[in-house]
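Descriptive structure summary
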Amino acid sequence: MGDFLTGLIVVGLAALASVAGMVAVRRKAHLPSLISHHEVADPLLSVVGTLYAVLLGFLVVDAMNKFQLARTTVETEANSVADVFILAGGLPQPDRSAIQLGCLEYVKSVLEDEWQSMSGGRRSPRAAEAMHQLWRSILGAQSRSQESAVYQQLLAEQSQLSDNRRTRLLTAEARMPTVMWIVLICGAISTIVFTYFFGLQNVRSQIVMTVLLSLTISLNIFLLIVYDSPFSGDLQVSPDGFRLDAEIFEHILTHPDS
């Protein structure tokens, strides 16, 4: 079952539970009694609703920024490994082949192993070893190429590649604290239950309002869940940049004269 279908079911259940609670209150409490609460409940609901909306909105925006950061980091990392591969072409053999083959192995390890591991917040030993081997190949060429401008640029791109890899892994492992989820869920329940202190002559109208409020809150929470995990689920950052790198690297290494 996909994340979107699961989210749709959960959101629907939340709306049904909200309506069930409202109907139960209307059966127990008389309408005049509920109407008498309006003068006090209305300003209090404004305060509670505003505070919760600010908190929820801030967290959703923060999660979306995290998702965009993850996407940008992946694209920059893929660009860096491509630059390392191209710059290695300016070095003499056997350094050139060692570095370019190392780039290909790193890209394959990310695609075939690490991307799946990141969905569970784990790292790939294969990708880590490929990165270390790439560093060893580049530093091993230092004595023959350290005065070269190409080599200096190669070191800069390799450093950026390593930095982006660390940022990507840290982003994959980061999750919103459990205490924050507890605050969000309790706040959602409190906000919806607060509306039960109001009563309208037309029960159907109040049901529609309750459903809309519940849907708005639960959909935003679902959005937060989706964007808080940029490397898992149906909506996740794509490794298309690494796939393109792998195709280009294999073509160049297979047809060096083309």
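A quick note: this is a predicted structure, and the numbers were derived from the prediction, not measured.

**Considerations on the side chain of Thr210**
Inspection of the secondary structure puts Thr210 in helix 9 (residues 203-228). The class of Thr210 is buried, set by a relative accessible area of 5%.

**Describing helix 8 (residues 178-194)**
In this model, helix 8 (17 residues) spans 24 Å end to end at C-alpha, consistent with the 24 Å of a helix rising 1.5 Å per residue. Within helix 8, the full set of buried residues consists of Leu184, Gly187, Ala188, Thr191, Ile192 and Phe194. Buried residues in helix 8, looked at end-on, bunch into an arc of 160°, giving them a common side. In helix 8, the exposed positions that point more than 90 degrees away from the buried face belong to Thr178 and Val179. Where helix 8 is buried, its residues touch helix 1 (3-28), helix 3 (38-88) and helix 9.

**Side note on the packing of aromatic side chains**
If you walk through the whole model with that rule in mind, you get five aromatic pairs. Relative to Phe231, the ring of Trp115 has its centre 5.5 Å away and its plane inclined at 85°; by these criteria the two rings are edge-to-face. With Trp115 in helix 4 (residues 95-118) and Phe231 in the loop between helix 9 and helix 10 (240-254), the pair connects residues that are 116 residues apart, well separated along the chain. Summarising the burial analysis for this pair, Trp115 and Phe231 share the class buried. Aromatic rings pair up to connect Trp115, Phe231 and Phe242 into one cluster.

The rules behind these values
- Residues numbered from 1 in each chain as written.
- Predicted model: local features only at pLDDT ≥ 70, side-chain atom pairs only at ≥ 80, totals over all residues.
- Heavy atoms only, no water.
- Helix = DSSP H or I, 4+ residues; strand = E, 2+ residues; numbered from the N terminus.
- Buried < 20%, exposed > 50% of the residue type's maximum accessible area, 1.4 Å probe, protein only.
- Expected span 1.5 Å × (residues − 1).
- Arc of directions from axis to C-beta.
- Contact = heavy atoms within 4.5 Å.
- Phe/Tyr/Trp six-rings, centres within 6.5 Å; stacked < 30°, edge-to-face > 60°.

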